[in-house]
Structure formats: C-alpha cells, structure tokens
Amino acid sequence: MTTLFISDLHLDAERPAITALFGHFIDGEARHADALYILGDMFEAWVGDDDPSETGAFVADRLHALNASGVPVYFIRGNRDFLLGDACAKRAGMTILPDPAVVLLHGEPTLLLHGDLLCTDDVAYQQFRAQTRDPRWQQQFLAQPLDARLAFANQARAASKARYGELVSAGTAETIGDVAAGTVREWFQRFGVRRMIHGHTHRPAIHDEGQGNTRIVLGDWYEQGSVLRVDADGASLEAL
C-alpha cells in the first residue's frame, strides 16, 4: 500500500480549479491509499471553524467521505490554517497531529512537520509564530466577529507579500525564506530519525542531508498539484 502526503494547497474560492483538482485527487487516487497526510496550509486562510465558506464545506465533505471509505486522514496545522480546530477536524473525519510528529512509515521512523519551524533565520516570522500560537492570543482572536477575523487574515496576507518583496529586493529571500541547515541537522539528531517530510517552503525536492538522512520537501498547489507517494520500496515526489 502507498501512503500519500500533500501540503500547501492554499485552497481558496478565488482558485476553483485547484479546489476541483483536490476533489478529483481525493475521490480518485487517495481512495486506494494506506493513509493520507496533509502537512499544513490546506487553506489559504482559516480564521475559525465557524467560517461558512463553500471551499471549507467542500473539503470537509470530500475528506469525510475518504475517511468513511477506510482511508485515515491526518493533518498538521500550517502557518495559514493554524486555527483549524477540533470541530472542523471532526467534520472532515481527520486526526490532527502535533507539529512536529514522528510516525512509523512502512517500518521507518519519519519526522513530519509543516516546515516553518525549520526557518529559524527568519527571526521576525518566528516571533510572530510564537505570538499567534499562544492559546491566550488565539482565544482573544476567535472571540472577535467573523468579519473582523477575515479582515485580519487579508491584512496579514498583504503584509506577508510586502515583506517577501522586501526580501527579494534585498537578495535574501532564498536564504531567509528557506530552512536553516543547522536547524535541520539539529532536528535529525533530536528526534533520532533518518527521514523528514515537510512543506511550507514551496521548494519540492528530495535532499540527501548526509549521514544517511533524507529530507523531503512537498510542493505547493498554486499552479498544479503535488503529491509524495511512499511505500515499502521508497518515495516518489511528483506533480499532478
């Protein structure tokens, strides 16, 4: 059996073709998988489980049907959907895993994470991440009206794009926006694994990190789909 991994779909009402591709993938190939892991940023933005968006309802319906067919679905929150909670997970029939998590994958202990925790050279982002993961901050944010939360999400996306433009102009986007090599080495040692799978950076590749360690980076779904297939014989990272 094959285990499937996807991340960084950034599903949004403004990109219906990608949402349709996701539905086709879930109703097709995923039905024959051993399990499906979604490693964060399934949505372009998620401001609370009370969001009545059609995209969210479609995703929950398709994933619930997949789980009901006998394929377990696991989810790790990303930097765009870190507020996805138990109510949404229940509707979608998926299990939320901690970030990071170690799973036994076809006999091989494997470290799974969204990937933003590895980008330690981006100090400003790590500070923002720590603030928004604070339960008190989340409680206060979720207590606001839905319209206010949606407005915040739009502002945050605009600020993120502006900052990326500044990094590009400064010539530091490729380094600051990617994982830190020292942090990657540290995490392999800390968790005692030989394989790591993550998304977030939108730089799909299978990296030989030395000392028998492999780091697999999942691709994003902005222009096309991307899936990692893992079975007892190895791993294959391909576009859809």
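Source: prediction; values computed, not measured. (Residues numbered from 1 in each chain as written. Predicted model: local features only at pLDDT ≥ 70, side-chain atom pairs only at ≥ 80, totals over all residues. Heavy atoms only, no water.)

1. Some words on the sheet that holds strand β10 (residues 226-231)
In spatial order, the strands read β4-β3-β2-β1-β10-β11; together these six strands make up an open sheet with mixed pairing. The open sheet is flanked by β4 (94-96) and β11 (234-239), the only strands paired with a single partner. Between one strand axis and the next, the sheet turns by 20° as a mean value, whatever way the strands run. In the sheet, strand β3 (residues 73-75) pairs with β4 via three bridges, with the strands oriented parallel. (Pairing = 2+ DSSP bridges. Helix = DSSP H or I, 4+ residues; strand = E, 2+ residues; numbered from the N terminus. Axes fitted to C-alpha atoms, helices over the stretch in contact; angles between N-to-C directions.)

2. Description of the side chain of threonine 19
In this fold, threonine 19 is placed in helix α1 (residues 16-27). Assessed through its relative accessible area of 9%, threonine 19 is described here as buried. In this structure, threonine 19 is in contact with Leu11, Asp12, Thr55 and Phe58, ignoring residues within four places of it in sequence. (Buried < 20%, exposed > 50% of the residue type's maximum accessible area, 1.4 Å probe, protein only. Contact = heavy atoms within 4.5 Å.)

3. Quick word on helix α8 (residues 181-191)
Residues of α8 that are buried include every one of Thr183, Val184, Trp187 and Phe188, and no others. The arc that holds the buried residues of α8, viewed along the axis, is 140°, so those residues lie on one side. Exposed side chains of α8 directed beyond 90 degrees from the buried face belong to Ala181, Arg185 and Gln189. The secondary structure elements touched by the buried residues of α8 are β6 (108-113), β7 (195-198), β8 (205-210) and β9 (213-217). Trailing α8 by a residue or two, glycine 192 shows a phi angle of about 60°, which is positive. (Arc of directions from axis to C-beta.)

4. As for the layout of surface pockets
In this structure, the largest pocket occupies an estimated 1300 Å³ of space. As for the largest pocket, its lining consists of 44 residues, and the residues nearest its centre are Asn79, Arg80, Ala156, Ser160 and Lys161. Elements with a contribution of two residues or more to the lining of the largest pocket: α4 (123-132), α5 (135-142), α6 (146-170) and α7 (173-176). For the lining of the largest pocket, the element with the most residues is α6, which contributes twelve residues. For the lining of the largest pocket, the class distribution of residues is 21 nonpolar, nine polar and 14 charged. There is about 230 Å³ of room inside the second largest pocket. What lines the second largest pocket is a set of 15 residues, and nearest its centre among them are Asp12, Ala45, Asp51, Leu150 and Arg157. Per element, the largest residue contribution to the lining of the second largest pocket is four residues, and it comes from α6. Its residues assigned to classes, the lining of the second largest pocket comprises eight nonpolar, three polar and four charged. (1 Å grid on protein atoms, 1.4 Å probe; cavity = no way out; pocket = protein on both sides within 12 Å on 5 of 7 lines; lining within 4 Å. Points joined across faces, edges and corners; volume = space filled by probe spheres on them. Nonpolar A, V, L, I, M, F, W, Y, C, P; charged D, E, K, R; others polar.)

5. Focus on the environment of alanine 13
The topology assignment puts alanine 13 in the loop between β1 (3-6) and α1. Residues alanine 13 and histidine 32, spaced 19 residues apart in sequence, show a C-alpha to C-alpha distance of 28 Å.

6. Notes on the nonpolar core
Among the nonpolar cores identified, the biggest contains 29 residues, and Leu36, Met42 and Leu63 are the most heavily contacted of them. Apart from residues no more than four positions distant in its own chain, leucine 36 is found in contact with Leu4, Ile6, Phe25, Ile26, Leu63, Leu66, Val71, Pro72, Val73 and Tyr74. If you look at the next biggest cluster of nonpolar residues, it comprises 15 residues, including Tyr37, Leu105, Leu218 and Val230. (Core = buried A, V, L, I, M, F, W, Y, C linked by side-chain atoms within 4.5 Å.)

7. With respect to the sheet that holds β8
Reading across from one edge, β5-β6-β7-β9-β8 is the order of the five strands in this open sheet, with mixed pairing throughout. Both edges of this open sheet fall to β5 (101-105) and β8, since each of them pairs with a single strand only. Sheet twist, expressed as the mean angle between neighbouring strand axes with direction ignored, is 25°. Alignment of β7 against β9, held across four bridges, turns out to be parallel. By the bridge assignment, methionine 196 is partnered in β9 with arginine 215.

8. With respect to unusual backbone geometry
Proline 100 follows aspartate 99 through a cis peptide bond whose omega is 5°. With respect to the helices, strands and loops of the structure, proline 100 is situated in the loop between β4 and β5. Backbone geometry places aspartate 8, a non-glycine residue, at a positive phi of 55°. Relative to the helices and strands, aspartate 8 is located in the loop between β1 and α1. Judged by relative accessible area, which is 0%, aspartate 8 ranks as buried. Here histidine 106, not a glycine, exhibits a phi torsion of approximately 50°, which is positive. Turning to its location among the elements, histidine 106 is positioned in the loop between β5 and β6.

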